[in-house]
Structure formats: C-alpha cells, structure tokens
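Each chain, written out:
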Amino acid sequence: MRKVFVLTLVVLAVLAMAVPTSTQTTEKEKSVRFAIEVNFTQSAAEMIAAGRYQIKEGNVDKFPLDQQGTEIKRMDVELIHIGAAMAHDLVLEEIGRRGCRPATARELLSFGILYPDEQRKFPIVALGTVQLLDGKNQVAYLWALGKDRRVGLDDIVTSKTAWHAGVRFLAVPIAAVK
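Undergrad: How should I be thinking about the overall build of the chain in this particular structure?
TA: When you go through the chain residue by residue, the secondary structure sums to five helices and eight strands. Secondary structure of the chain in N-to-C order comes out as α-β-α-β-β-α-β-α-α-β-β-β-β. Burial status across the chain gives 46% buried among its 178 residues. The contacts of the chain with a sequence gap of at least 6 include a subset with a gap of at least 24, amounting to 76%.

Shown next as structure tokens:
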C-alpha cells in the first residue's frame, strides 16, 4: 500500500512540473478555508466508520486522538498547499508563518467526514498529532486512489527527505482557536 502512495505522489510531482508557471496560483490562493464540526465524543474507530473510507492503512483506527469529551466544536480549517517539496520542519514553519497551527488527527477525520471529495483531489495530511507507532513518528492522512477513499498513517519525513509538493496540509487559523 505504501508503495502505491509513494508512486501516486511521484505522478503528482511530474504533473505539477508540467503546469506552465502562468497558471500557478498565488500564495493567497494556495489555501482554502472550510468550516467543520469536531466531535469530541467519538473514538478514532467511530470517526473512521463515520467517514466511510474504503481502505484503512496501518493502525489508523487505533491512532490516539486528543482528549475525548462531550462536545461538538465548530471551527474553521484551511487546506494549505505549499507547492514545493519541503522538509517537515520547514512545513511547520510555513504553516505558522501563515497564521495557523497544524490540524490534529481528530480535526482531519472531522474534515474527511464533511468533505469526502477533497481527498480525491490530493493527499491531505494533519501534522498536529504525532504518535510513535512501530518505532516511527507517524501522522494521519487522507487520500484516494481511483474510487477508493483512504485513511492511514504515514511516517514523518526527516530533514533528509521532504513532503511531496502535491500534498495539502490541514491547518487551523490561530485566530479561530479559542
């Protein structure tokens, strides 16, 4: 499964290089805002079931979410497209520079429930929840291959590797956090 994900990202990189620079978007257009409802009453397994994903990769249904509670919180999130391959630390800096914080896994799963077709356009990663699983720091992601919507875990890239230019990062505007 991981090889298919990497292959898809390579194909996206080739396609991105083929786009003439006159049609590339400005920085302001590289983020799109969405309203979501984050349900703190559900476990990861319940949220994944509500998202109706065809494929679960890794131990994503056992991925620990932030605290459970009794509330449903409305908030805005942004899909940030950096547009270049970038190391993990630099992606976090760029998200912060844009006045946001990385979204959590719970926020990503909430986004996937409300906007299931967004992940058909490009992979979406939430960097705000990092968990050591199988000896590796992992984060949650959404993506699709063909008709199959997928939810899974991916290793955090290191300074020696980079997040693919086609990936979108789910982020929360800091002004929206209360």
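Don't stop here, the text continues.
Undergrad: Help me understand unusual backbone geometry in this model?
TA: Glycine aside, a negative phi is what most residues show, and trans is what most peptide bonds show. One non-glycine residue, Arg-52, adopts positive backbone phi at about 55 degrees. Following the sequence through the fold, Arg-52 ends up in the loop between helix H2 (44–51) and strand E2 (55–56). Its relative accessible area of 67% is what places Arg-52 among the exposed residues.

Undergrad: What is the right way to read the packing of aromatic side chains from this model?
TA: Under the criterion given, the structure shown has four aromatic pairs. Ring plane angle 35 degrees and centroid distance 5.2 Å describe the contact between Phe-111 and Tyr-115, whose orientation is recorded as tilted. The structure contains a cluster of three or more aromatic residues connected by ring pairs, namely Phe-34, Phe-111 and Tyr-115. Above the plane of the ring of Phe-122 lies Arg-168, whose end atom (NZ or CZ) is 4.0 Å from the centre.

Undergrad: Hey, could you run me through the nonpolar core in this one?
TA: General note: in soluble globular proteins, nonpolar side chains tend to be found buried as a group. The biggest cluster of nonpolar side chains holds 29 residues, and the ones touching the most others in it are Phe-111, Ile-124 and Leu-170. The set of elements that each furnish at least two residues to this core consists of strand E1 (31–39), H2, strand E3 (72–81), helix H4 (105–114), strand E5 (124–133), strand E6 (136–145), strand E7 (148–155) and strand E8 (168–173). No other element matches the four residues that H4 contributes to this core. Residues within four places of Leu-170 in sequence aside, it is in contact with Val-77, Glu-78, Leu-79, Pro-102, Ala-103, Glu-107, Leu-108, Phe-111, Ile-124 and Val-125. The next biggest cluster of nonpolar side chains, apart from the first, holds 16 residues, and it includes Val-91, Val-139, Trp-143 and Ala-171.

Undergrad: How do you make sense of the pattern of salt bridges when you look at a structure like this?
TA: On inspection of all chains with the given rule, the structure shows 10 salt bridges. One salt bridge in this structure joins Arg-33 and Glu-78, with 2.6 Å as the shortest N-O distance. One end of the pair, Arg-33, is in strand E1; the other, Glu-78, is in strand E3, and 45 residues separate them in sequence. Of the residues examined, Arg-33 reaches a relative accessible area of 48% and is grouped as partly exposed. We classify Glu-78 as buried; its relative accessible area is 9%.

Conventions adopted
- Residues numbered from 1 in each chain as written.
- Predicted model: local features only at pLDDT ≥ 70, side-chain atom pairs only at ≥ 80, totals over all residues.
- Heavy atoms only, no water.
- Helix = DSSP H or I, 4+ residues; strand = E, 2+ residues; numbered from the N terminus.
- Buried < 20%, exposed > 50% of the residue type's maximum accessible area, 1.4 Å probe, protein only.
- Contact = heavy atoms within 4.5 Å.
- Phe/Tyr/Trp six-rings, centres within 6.5 Å; stacked < 30°, edge-to-face > 60°.
- Lys NZ or Arg CZ within 6 Å of the ring centre and 35° of its normal.
- Core = buried A, V, L, I, M, F, W, Y, C linked by side-chain atoms within 4.5 Å.
- Salt bridge = Lys/Arg side-chain N within 4 Å of Asp/Glu carboxyl O.

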